[in-house]
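# Observations on the model geometry
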Amino acid sequence: MKTLTATLKLITPAFLALCMLQLPALAQTTGASIVPVTYTNVALGKAASASSYDDPLHAASNAIDGNKNTRYASSYDDRQWLSVDLGKPYLISQVILIWETAYGKDYDIQFSNDGTFTDLHIDSVQQRNRVHSNSSVAGIDTIKTKAGTIARYVRMKGVRRATGKGYSIWEMQVLGITAATGLFPVSVTGFSVAQTANAVQLDWSTITEFNNAGFTIERSNDGINFTAVSFVPGRNGGTVMSNYKYADPQAAGGKNYYRLKQTWNDGRIGYSQVVLVVATAANTIATYPVPVKDHLVVEYKGTAGENVTISLFNANGFPVYCSKFQVQAGQQTIVISRTSTMTNGGYFLTVNGASKTYQQHIILQ
């Protein structure tokens, strides 16, 4: 085994020319397969309330029971409302009202996360001058929400009735996205892993993303005890689908379990499901310790005569270390000794070989 020991060099023009590699992005857009985004009626069977009803048989719950033969009906007054508590916030795309003969001519669709309907007043949608028939199913109103509407409570607030009776609704449906992993308002989908020639490839997507600090990639060999291996910053693209990709070159042979630890800007956390990949070949690179204290060890096993460049960039993309060497027989061990100029924080390590490029987020403490 050959051991190369190097310390930080002075930043000279020649040194900069050597190290001016493009700073790698650990999370890049990818064409990986993803689970289709599906909106479902998230109001079905949830808790409903109303300002009034004209008969106990026409209670608010009839409007969200999925039975189009039961209905909600208010008292005979313009200023009546029907509300549903979805139980938790959802990304909402549409609200559908299936009206009975006594429909609403003018009304507002309101949203809230705390039940006051004042916190999300800017997301309200006004419906005016609706005209339907006078049949048992007078008509169906499909109200498209404003982009990025995330709410727990949805309310139809009447302004003006179309008839002398109240507001009568066969069904009130709210189409929203359920975050199957429990990460909301960061909804993760399509989380998958696969072994490649040189690493384990992780791919995942977000269908909604707000206030997301980022994802910690965690690995385990038993599916119980997990260790952080890297961190990918969030993009916070709102309701735009974002695709993420990370290559883990340090997975051990055999079973490797992975999960995502998602962290909000306020410090709250959530976890994805656990996925498994069975690695069948030894890896060619390893780094330790994690996190780095006084030195970083990079172990590289490549082809004899192969030229390899190792670079370390700070969070601003400035190179703080760079070294080139030629692979000899056996595994090469490179020790990057820390200096006073390598302050605490996140760094990006790249190892560029003849046919391989490894990249990793490194934490110095």
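Right above here is the structure, for reference.
Described below are features of the structure shown in this document. Note that the structure is a prediction, hence the values are computed from the model and not measured.

Once that is clear, we can look at the overall build of the protein. Of the regular secondary structure elements, the protein holds 1 helix and 25 strands. Across the 365 residues that make up the protein, the buried fraction comes to 49%. Roughly 16,800 Å² of accessible area belongs to the protein as shown, and the carbon and sulfur atoms make up 52% of that amount.

With respect to burial, strand β10 (residues 168–177) is a largely interior element, 10 of its 10 residues being buried. In terms of strand pairing, strand β2 (residues 40–41) meets β10 through 2 bridges, oriented antiparallel. Paired with T40 across the two strands is G176, which belongs to β10.

Inspection of every chain in the model, using the stated rule, returns 8 salt bridges. The salt bridge partner of E100 is R71, with a shortest N-O separation of 3.9 Å. Of the two residues, E100 sits in the loop between β5 (81–99) and β6 (104–112) while R71 sits in the loop between β3 (47–50) and β4 (72–73), which places them 29 residues apart along the sequence. By the burial criterion, E100 is buried, and R71 matches it. Residues D248 and R219 are paired through a salt bridge, measuring 2.6 Å at the closest nitrogen-oxygen approach. On the criterion of sequence distance, the pair formed by D248 in strand β15 (residues 242–248) and R219 in strand β13 (residues 212–220) is long-range, its members being 29 residues apart.

What follows deals with unusual backbone geometry. Residue P289 is reached from Y288 by a cis peptide bond, and omega for that bond is -5°. Relative to the assigned elements, P289 resides in the loop between β19 (285–288) and β20 (295–300). The backbone phi angle of F117 is positive, close to 65°, even though this residue is not glycine. Relative to the assigned elements, F117 resides in the loop between β6 and β7 (125–127). On the basis of relative accessible area, F117 is assigned to the buried category, the value being 9%. Even without glycine at this site, N129 takes up a positive phi of about 55°.

This next bit is on the sheet that holds strand β21 (residues 307–313). If you walk across this open sheet you meet the 4 strands as β22-β21-β24-β25, and the pairing is antiparallel. On the outer flanks of this sheet lie β22 (319–326) and β25 (357–364), each paired with one strand and no other. Pairs of neighbouring strands in the sheet enclose a mean axial angle of 15°, with direction left out of account. Taken together, the 5 bridges between β21 and strand β24 (residues 345–352) define a ladder with antiparallel strand orientation. Looking at β24, one finds that S311 is bridged to T350.

Here the focus is the pairing of β13. A regular strand carries its side chains on alternate faces of the sheet. The element β13 is extensively covered by neighbouring structure, given that 8 of its 9 residues are classed as buried. With 8 bridges joining them, β13 and strand β16 (residues 254–264) adopt antiparallel strand pairing. The residue bridging I217 from the neighbouring strand is L260, located in β16. Of the strand pairs in this sheet, β13 and strand β14 (residues 227–233) are connected by 6 bridges, and their pairing is antiparallel. Of the residues in β14, the one forming a bridge with R219 is T227.

Position of D106 among the secondary structure elements: in strand β6. In terms of polar contacts, D106 uses its side chain to reach the backbone amide nitrogen of N129, at 2.6 Å. The residues contacting D106, other than those within four sequence positions of it, are Q127, R128, N129, G158, V159, R160 and Y167.

All right, on to the packing of aromatic side chains then. Across all of its chains, the model carries 8 aromatic pairs by this definition. Ring centres of W204 and F215 lie 5.6 Å apart, and the angle between their planes is 75°; this geometry places the pair in the edge-to-face category. Residue W204 is located in strand β12 (residues 200–208), and its partner F215 is located in strand β13; the two are separated by 11 residues in the primary sequence. A single burial state applies to W204 and to F215, both of which are buried. Put simply, the rings of F191, W204, F215 and Y244 touch in pairs and so form one group of aromatic residues. Its guanidinium or amino end placed over the ring of W81, R155 lies 5.6 Å from that ring's centre, counting from NZ or CZ. It is R235 that lies over the ring of Y244; its NZ or CZ is 4.5 Å from the centre.

What counts and what doesn't
The residue count restarts for each chain, going from 1 along the sequence in the order it is written. It should be noted that, the model being predicted, local features are given only for residues of pLDDT at least 70 and side-chain atom pairs only at 80 or more, the latter also being counted only at that level, while totals for whole chains, interfaces and linings use all residues. Think of the side-chain values as coming from all heavy atoms in the structure, minus any hydrogens and water. Segments assigned H or I by DSSP are reported as helices when at least four residues long, segments assigned E as strands when at least two residues long, and all are numbered from the N terminus. Note on classification: 1.4 Å probe, protein chains only; a residue is buried when its accessible area is under 20% of the maximum for its type, exposed when over 50%, partly exposed between these limits. The accessible surface values rely on the Shrake-Rupley method and a 1.4 Å probe; as for residues, cover is taken only from the protein chains in view. Being paired, for any two strands, means DSSP has found at least two bridges between them. Salt bridge, as used here: a side-chain nitrogen of Lys or Arg that lies within 4 Å of a carboxyl oxygen of Asp or Glu. Working convention: axes come from line fits to C-alpha atoms, limited for helices to the stretch in contact. Angles between N-to-C directions cover 0 to 180 degrees. In protein, a polar contact means a hydrogen-donor-capable atom and an acceptor-capable atom, both N or O and within 3.5 Å, with residues adjacent in sequence counting only if both atoms are side-chain atoms; elsewhere, any N or O pair within 3.5 Å suffices. Throughout, a contact is declared for two residues whenever any of their heavy atoms are within 4.5 Å. Between the rings of Phe, Tyr and Trp (Trp by its six-membered ring), a pair exists once the centres lie within 6.5 Å; its type follows the angle of the planes, with under 30 degrees stacked, over 60 edge-to-face, and the other angles tilted. Two thresholds decide whether a charge sits over a ring: the Lys NZ or Arg CZ must be within 6 Å of the ring centre and within 35 degrees of the ring normal.

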